[in-house]
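# Survey of secondary and tertiary structure
Listed here are the chains, written in short residue letters.
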Protein chains: 2
Amino acid sequence: MTRGTATAEARANGAQAARQAAILVAARTVFSEMGYEQASIIEIAGRAGVAEGTIYKYFRNKRDLLYQVVKDFYTGIIEGLEDEVHLLESAADRLRFIVWRHLKVFMKDARICLLFIREIRTDDDYARSVFRDLNRRYTACLVETVERGIATGELRADADPHLVRAMVYGSVEHVAWNAIVGGRRLDIDAAARMLADTLLAGLKPPENETASLGATVDRLETLVARLDKAL
Amino acid sequence: MTRGTATAEARANGAQAARQAAILVAARTVFSEMGYEQASIIEIAGRAGVAEGTIYKYFRNKRDLLYQVVKDFYTGIIEGLEDEVHLLESAADRLRFIVWRHLKVFMKDARICLLFIREIRTDDDYARSVFRDLNRRYTACLVETVERGIATGELRADADPHLVRAMVYGSVEHVAWNAIVGGRRLDIDAAARMLADTLLAGLKPPENETASLGATVDRLETLVARLDKAL
DNA sequence: TCACAAAAATGAATAGCATTCATTTTCGAA
DNA sequence: TTCGAAAATGAATGCTATTCATTTTTGTGA
């Protein structure tokens, strides 16, 4: 009895899960193609093969549906990043990789990244949404990289990890967006390298090689002068 | 006769201009307070003291009204910038000023800047809109600064002005947006200085002081060795 | 000052879309 | 095969941008 009910429920849950997944796939397609405003529930329902009302059995409203779509996408991106970044050692390599990967994701899935910027990050209660946490987790990687880089002396001690975060993600997004708007093809590898290198140049600890060289020169000058006089 | 008609028209035009201005003021307030979606034409009409239909005599539709509001705002910002920036000489000073001013505008008029990001820059035909030109004009200032800086040797020769543009505006907007979302007060002067200094550090020409010092050291070492042997 | 035609303003009517909910269909246990 | 619960449906509702037939205002000439 319990057994029968359990398998029945499992089957039912499976069917529901499949339906929910179909709606999410349709929604992702339609939102990506037409943007949030232009997308209509009828269109999404049609592509998912369900009636309008059914959507509301699975999602509170249109915006909730968008949130699920973007949340699933974002979660996938974060998990991939966490798997990959720990393989790299130096702060410079990690930063280069993070820049490259963010740029790549942004260019590849521009439409969905755009939905995030337009509909979620600029929403009045973004600060209290799951997306705030997802963003924290996504960028934690870079913040930790910078902190470690400072600790090991690879990066200048007065670098502010949160400022660096703003610079990295802000720069990458502007570069990507310019390319998308301009309809230009972007050499992702080259752009990422230039960006990362410029950022790293700004974060390099001030060379005291110069100072020590100067000291050596002074020492030698004195020595030469003395020897010269001695001759 | 012609005279009479002319003044009559002038008066009429004056009245129409005043009405249009009233609608624009109301629209700016309502759009800023509630965002584009939430703002309703009835609300805007009410605050401007006209009927709904009247709005459509002056503006093609709701979006056109938004565009006029943002365009007027943006134009004012650009004119102010052009007046001010030419007073500064060095590329470093100009870049510092541009960063500071962009950050300041963004923090002061966050709601309207947000409308720009959310409703205009991410619009599918932004590339063919007046806003593309306005943005070009706004950022031309920085691009020219970087080009001049490269020409005078103040900035490294291999800096890409368009990459620098993406870095400057991307970074500033991320910094501003983090502060706004986090509800934190932002020390604009300090943040602008840090940002500009980090950017400038990355754009500084590679020091060949080190190389020349090295050469001097080599010369001295040889000399000392010779003198030493001579003694 | 008045009459009148052209211009401007009005707000009721229209249309499109998110959301709700009374009804119908499906499903699984007995 | 039957029945009750769960799921799905799509017509009805309500909200808002936009239109347009009607009303009001404006300026001119007598």
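For the structure itself, look to the data block above.
Below you will find a few notes about this structure. (Residues numbered from 1 in each chain as written. Chains lettered and ligands numbered in written order. Predicted model: local features only at pLDDT ≥ 70, side-chain atom pairs only at ≥ 80, totals over all residues. Heavy atoms only, no water.)

### Points about the nonpolar core
- Core analysis: the largest hydrophobic core is formed by 140 residues, its most contacted members being Phe 31 of chain A together with Phe 31 of chain B.
- In this structure, Phe 31 of chain B is in contact with Tyr 36, Ala 39, Ile 44, Lys 62, Leu 65, Leu 66, Val 69 and Leu 115 of chain B, ignoring residues within four places of it in sequence.
- Core analysis: the next-biggest nonpolar cluster, separate from the first, contains eight residues, Val 224 of chain A together with Val 217, Leu 220 and Leu 227 of chain B among them. (Core = buried A, V, L, I, M, F, W, Y, C linked by side-chain atoms within 4.5 Å. Buried < 20%, exposed > 50% of the residue type's maximum accessible area, 1.4 Å probe, protein only. Contact = heavy atoms within 4.5 Å.)

### Re the pattern of salt bridges
- Summed over all chains, the structure comprises 32 salt bridges over all chains.
- The residue Arg 63 of chain A makes a salt bridge to Asp 123 of chain A at a minimum N-O spacing of 3.5 Å. Placement of the pair is Arg 63 of chain A in helix H4 (residues 62-85) and Asp 123 of chain A in the loop between helix H6 (110-121) and helix H7 (130-151), with a sequence separation of 60 residues.
- Here Asp 123 of chain A falls in the buried class, since its relative accessible area comes to 16%.
- Each of Arg 63, Arg 118, Glu 119 and Asp 123 of chain A together with Arg 63, Arg 118, Glu 119 and Asp 123 of chain B takes part in a single network of salt bridges with overlapping partners. (Salt bridge = Lys/Arg side-chain N within 4 Å of Asp/Glu carboxyl O. Helix = DSSP H or I, 4+ residues; strand = E, 2+ residues; numbered from the N terminus.)

### Regarding the interface of chain B and chain A
- Every contact between the two is made by 52 residues of chain B and, on the other side, 51 residues of chain A.
- Across the chain B/chain A interface, buried area totals approximately 4,300 Å², and carbon plus sulfur atoms make up 68% of it.
- There are four salt bridges connecting chain B and chain A.
- On the surface where chain B and chain A come into contact, there are eleven residue pairs in polar contact (both at pLDDT 80 or more).
- Those elements giving two or more residues to the side of chain B that touches chain A turn out to be helix H1 (2-38), helix H6 (110-121), helix H8 (161-182), helix H9 (188-203) and helix H10 (209-230) of chain B.
- Of the residues forming the side of chain B that touches chain A, the biggest block, 14 residues, is contributed by H8 of chain B.
- For the side of chain B that touches chain A, the class distribution of residues is 25 nonpolar, ten polar and 17 charged. (Buried area = accessible area lost by both parts, 1.4 Å probe. Polar contact = N/O pair within 3.5 Å; in protein donor to acceptor, adjacent residues only side chain to side chain. Nonpolar A, V, L, I, M, F, W, Y, C, P; charged D, E, K, R; others polar.)

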